[in-house]
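Residue strings, one per chain:
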Amino acid sequence: MTQPRILVARAVFPETLARLARHFEVESNQDDQVFSKQELVARLKDKAGAFTTGSERIDADVLAACPGLKIVANMAVGYNNFDVPAMTARKVLATNTPDVLTETTADFGFALMMATARRIAESEHYLRAGKWTKWSYDMFAGAEVHGSTLGILGMGRIGQGIARRGAHGFGMNVIYHNRSRLSPDLEAACKARYVSKEELLKTADHLVLVLPYSAESHHAIAAKELAQMKPTATLVNIARGGIVDDAALAQALRDRRIAAAGIDVFEGEPKVHPDLLTVPNVVLTPHIASATVQTRMAMADLAADNLIGFLVNGKPLTPLNPEVLS
Ligand code: GLV
């Protein structure tokens, strides 16, 4: 019996490839080229399934050129690289990797918030540059974390994880804004209070962004919003590039309109807005919030489980458009 053909579009753990190879004829990309749209189509047009990451855009053109495609399994919880309505219209199943990265990503969000507030990267660069000649009373004095007000924009699973860390571990006063309000039970578990976006911006000492990217959330934090924040506040983005207007952020940091920022995701990444590279009061990391070995393996496993579950057993684990199944 011939096995379904799949494309693994980026490099992945050898164990994941070996597992997939037991069920599929696999075309892999262990050289880890990032395919152009044309290259992606050339490789995908004879495949039934694809294992993708955020760098592969699956849109109407790609779908039209790949009529045999049945499933695209993203190794990411975010899926703004998918045009889900177009996939549903073509009866192509979309899957992502929720839950397995929640706590790890919340750890990173909290770590980036602390590094930003306590100026860890900036002071480390100073020390490495040989500029530390004496201790002084106000050297790298940052913003208090414990007991301060933690604001969260986007209160899904990861946002709730950050809220719990802040409320229970650091005695923070947690406020949040989200499209829909959490149930009273979840609010109590996170000790979080629902506020308007305006109140969130005006009140938070540390604002963490964890909302999904969409046309509505594009530049949700731009010059106007940055102007509403406290001049002592910090901003952390572990959600998606494009939610923050990076040029406006760089300007606000340069003008000390806000105190500091920690940014893991960038509009047009891996390109980084050049102005962000020249301001000192920002911690910059290359989209690594879910990057622990265990979590990345769990994400790869879940993406593989979705391909095997659907193409072999007819039962994917985490479908985004389950209507395709009926
Ligand atoms: C990472 O950004 C993810 O969406 O999993």
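The text that follows walks through the structure, step by step, so that each part is easy to find. (Residues numbered from 1 in each chain as written. Predicted model: local features only at pLDDT ≥ 70, side-chain atom pairs only at ≥ 80, totals over all residues. Heavy atoms only, no water.)

**Brief notes about the pattern of salt bridges**
- By the definition in use, this model includes 21 salt bridges.
- Among the salt bridges present, the one from Lys-47 reaches Glu-27, with a minimum N-O distance of 2.8 Å. Here the residue Lys-47 occupies a position in the loop between α2 (37-44) and β3 (49-52), and Glu-27 occupies one in strand β2 (residues 25-27), the gap between them amounting to 20 residues.
- A salt bridge links Arg-181 to Glu-187; the shortest N-O distance between them is 2.8 Å.
- For Arg-181, a relative accessible area of 54% corresponds to the exposed category.
- It is possible to trace a salt-bridge network through shared partners that takes in Arg-5, Glu-25, Glu-27, Arg-43, Asp-46 and Lys-47. (Salt bridge = Lys/Arg side-chain N within 4 Å of Asp/Glu carboxyl O. Helix = DSSP H or I, 4+ residues; strand = E, 2+ residues; numbered from the N terminus. Buried < 20%, exposed > 50% of the residue type's maximum accessible area, 1.4 Å probe, protein only.)

**Considering the environment of Val-210**
- Residue placement: Val-210 occurs in the loop between β9 (206-209) and α10 (223-228).
- According to the relative accessible area criterion, Val-210 is buried, its value standing at 15%.
- Remark: the alpha-carbon pair of Val-210 and Ala-48, spanning 162 residues in sequence, is separated by 33 Å.

**Digging into empty space enclosed by the protein**
- One pass over the full model with this rule turns up 1 cavity of 30 Å³ or more.
- In this model, the largest cavity occupies a volume close to 60 Å³.
- In terms of lining, the largest cavity is formed by Ala-115, Thr-116, Arg-119, Ile-120, Ala-121, Glu-122, Ala-260, Ala-261, Pro-280, Asn-281, Val-282 and Val-283.
- When residues of the lining of the largest cavity are traced back to their parent elements, those giving at least two are α5 (102-117), α6 (120-128), β11 (260-263) and β12 (282-284).
- In terms of residues, the lining of the largest cavity owes the most to one element, α6, which gives 3 residues. (1 Å grid on protein atoms, 1.4 Å probe; cavity = no way out; pocket = protein on both sides within 12 Å on 5 of 7 lines; lining within 4 Å. Points joined across faces, edges and corners; volume = space filled by probe spheres on them.)

Shape descriptors only; they carry no functional weight alone.
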